[in-house]
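# Descriptive structure summary
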Amino acid sequence: QFAAAYAGVYLDAASVALLSSRMPPKNGSIPAQPHLTLAHKPNASTARALRPWVGTTVELILGGEAHDAQGHAVRVVGVAPPHAELLSLCENAHPHVTLSSAIGTPHVYSNAL
């Protein structure tokens, strides 16, 4: 039995620095560990499907930015080969990486952008 509370793709330090240089945060609170959420509290089937990906390094393909006074995110439009199918396991309707949010606004707000 494999259980997970969360599954995601975390950006490494070099990726965070590159992303910040190209898309500077527009709000005051920056996530401590920028990431793409694949599943929050995944069910057993999703957890099993994600298990082979644990520890895998992937390259995210990013699209446009979305932002307002409360949040700022960049859309994830794909995962580079040979790992392209990973994005199909993402349970988020709008895959993204949160770049920043307003002070007091939870980073999960980016789901609304």
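For the structure itself, look to the data block above.
So, here's what we can say about the structure. Once a new chain begins, its residue numbering starts again from 1 and follows that chain's sequence as written. This being a predicted model, a pLDDT of at least 70 is required before a residue's local features are given, and a value of 80 or more before pairs of side-chain atoms are given or counted; all residues contribute to the totals for chains, interfaces and linings. Note: side-chain values were computed over all heavy atoms of the structure, leaving out hydrogens and water.

Assignment of secondary structure puts Asn-27 in the loop between helix 1 (13-22) and strand 2 (35-40). Residues within four places of Asn-27 in sequence aside, it is in contact with Asp-68, Ala-69, Gln-70, Gly-71, His-72, Ser-100, Ser-101 and Ala-102. Helix numbering and strand numbering both begin at the N terminus, where a helix is a DSSP run of H or I of at least 4 residues and a strand a DSSP run of E of at least 2. Residue contacts follow a heavy-atom distance rule, with two residues in contact if any of their heavy atoms lie within 4.5 Å.

What follows is about the nonpolar core. We call a set of buried Ala, Val, Leu, Ile, Met, Phe, Trp, Tyr and Cys residues a nonpolar core when their side-chain atoms join them within 4.5 Å. Relative accessibility under 20% of the residue-type maximum defines a buried residue, over 50% an exposed one, and the middle range a partly exposed one, all with a 1.4 Å probe and only protein chains included. One finds Val-9, Leu-19, Leu-36, Leu-38, Leu-60, Leu-86 and Val-97 to be the most contacted residues of the largest nonpolar core, which totals 20 residues. Among the elements of the structure, strand 1 (6-10), strand 2, strand 4 (71-79) and strand 5 (96-101) are those that each provide at least two residues to this core. If near-sequence neighbours (up to four positions away) are discounted, Leu-86 is found in contact with Val-9, Leu-38, Leu-50, Trp-53, Val-58 and Val-79.

In this structure, Lys-41 sits in the loop between strand 2 and helix 2 (44-50). Given a relative accessible area of 63%, Lys-41 falls into the exposed group. Sequence separation between Lys-41 and Leu-113 is 72 residues, and the spatial gap between their C-alpha atoms is 22 Å. The contacts of Lys-41, once residues within four sequence positions are left out, are Ala-4, Ala-5 and Tyr-6.

With that out of the way, let us pick up the side chain of Ser-110. Within the secondary structure, Ser-110 is located in the segment after strand 5. For Ser-110, a relative accessible area of 3% translates into the label buried. In protein, a polar contact means a hydrogen-donor-capable atom and an acceptor-capable atom, both N or O and within 3.5 Å, with residues adjacent in sequence counting only if both atoms are side-chain atoms; elsewhere, any N or O pair within 3.5 Å suffices. In this structure the side chain of Ser-110 is engaged in a polar contact, spanning 2.9 Å, whose partner is the side chain of Thr-98. Those residues in contact with Ser-110 that sit more than four places away from it in its chain are His-72, Ala-73, His-96 and Thr-98.

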